[in-house]
Amino acid sequence: MRAMILSAPRQPLRLIDLPLPKPNPEQVLIRVHACAVCRTDLHIVDGELTEPKLPLVLGHQIVGTIEDIGERVNSYLAPGNMDVKTTTTCKR
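Per-chain numbering applies: the sequence of each chain, read as written, is numbered from 1 onward. In view of the model being predicted, local features appear only for residues whose pLDDT reaches at least 70, and side-chain atom pairs are presented and counted only at 80 or more, with totals across whole chains, interfaces and linings using the full set of residues. As a convention, hydrogens and water are excluded, and side-chain values are obtained from all of the structure's heavy atoms.

### As for the overall build of the protein
The secondary structure listing takes helices from DSSP runs of H or I that are at least 4 residues long and strands from runs of E that are at least 2 residues long, numbered from the N terminus. Secondary structure summary: the protein contains one helix and six strands in total. Going from N to C terminus, the protein has its helices and strands arranged as β-β-β-α-β-β-β. Throughout, a contact is declared for two residues whenever any of their heavy atoms are within 4.5 Å. Of the contacts made within the protein by residues no fewer than 6 positions apart, 56% connect residues no fewer than 24 positions apart. What sets the accessible areas is the Shrake-Rupley method with a 1.4 Å probe; for residues, cover comes only from the shown protein chains. Carbon and sulfur atoms make up 54% of the accessible area of the protein, which amounts to about 7,100 Å² in all.

And the structure:
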């Protein structure tokens with residue numbers, strides 16, 4: 001799969017090829033059609049957050065299609081034309 005990766009703060013992102021992941025039993029694999037970065041991602045790029053886990057693929061606000069599901073995922077999440085939109089938020 002193609003990904004934009006940050007190797008070091010204040011450096012340009014690099015386009016790389018990564019192996020296609022296989023979902024764990026409770027995960028889904030999503031083909032990403034569009035991805036956005038949030039302000040926290042930009043703080044990492046700008047070097048304003050300490051000790052980020054680099055290298056890092058930025059972006060968690062995505063729209064995509066389910067490609068594969070783990071064996072313990074509810075069956076209504078079958079691969080195919082189901083589009084998903086996901087954003088993660090901090091509940092604190």
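Once the structure has been displayed, the description carries forward.
### A few points about the sheet that holds strand β1 (residues 2-6)
Strands belonging to one sheet form pairs held by backbone hydrogen bonds; the direction of such a pair is parallel or antiparallel. Any two strands with at least two DSSP bridges between them are considered paired. The three strands lie next to each other as β2-β1-β4, forming an open sheet whose pairing is antiparallel. What marks the edges here is a single partner per strand, and that holds for β2 (14-17) and β4 (56-57). Sheet topology places β1 next to β4; two bridges connect them, and they run antiparallel. In the sheet register, L6 faces β4, and the bridge partner there is L56.

### Observations concerning the environment of L6
For L6, the location among the structural elements is in strand β1. Placed 39 residues apart in sequence, L6 and V45 show a C-alpha to C-alpha distance of 7.3 Å. Excluding its chain neighbours within four sequence positions, the residues that come into contact with L6 are Q11, L13, I44, V45, L54, P55, L56 and L58.

### Thoughts on a nonpolar patch on the surface
Like-charged residues are merged into a patch within 9 Å and nonpolar side chains (Val, Leu, Ile, Met, Phe, Trp, Tyr) within 5 Å, provided each residue has over 30% relative accessible area and no salt bridge. A pairing counts as a salt bridge when a side-chain nitrogen of Lys or Arg comes within 4 Å of a carboxyl oxygen of Asp or Glu. A cluster of nonpolar side chains, namely M4, L13 and L15, defines an oily patch on the protein surface of about 270 Å² accessible area. Mapped onto the elements, M4 comes out in strand β1.

### A word on the pattern of salt bridges
According to the stated counting rule, one finds five salt bridges in the structure shown. With a shortest N-O distance of 2.9 Å, D68 and K22 are connected by a salt bridge. Taken together, the positions of D68 in strand β5 (residues 61-69) and K22 in the loop between β2 and β3 (28-36) put the pair 46 residues apart, joining distant regions of the chain. Two residues, D46 and R39, come together in a salt bridge whose shortest N-O distance is 3.6 Å. Burial status follows relative accessibility: with a 1.4 Å probe on protein chains alone, a residue under 20% of its type maximum counts as buried, one over 50% as exposed, and anything between as partly exposed. D46 sits in the partly exposed class, given a relative accessible area of 35%. Given the relative accessible area of 42%, R39 is considered partly exposed. Look at the salt bridges and you will find they share partners, linking R39, D46 and E48 into a network.

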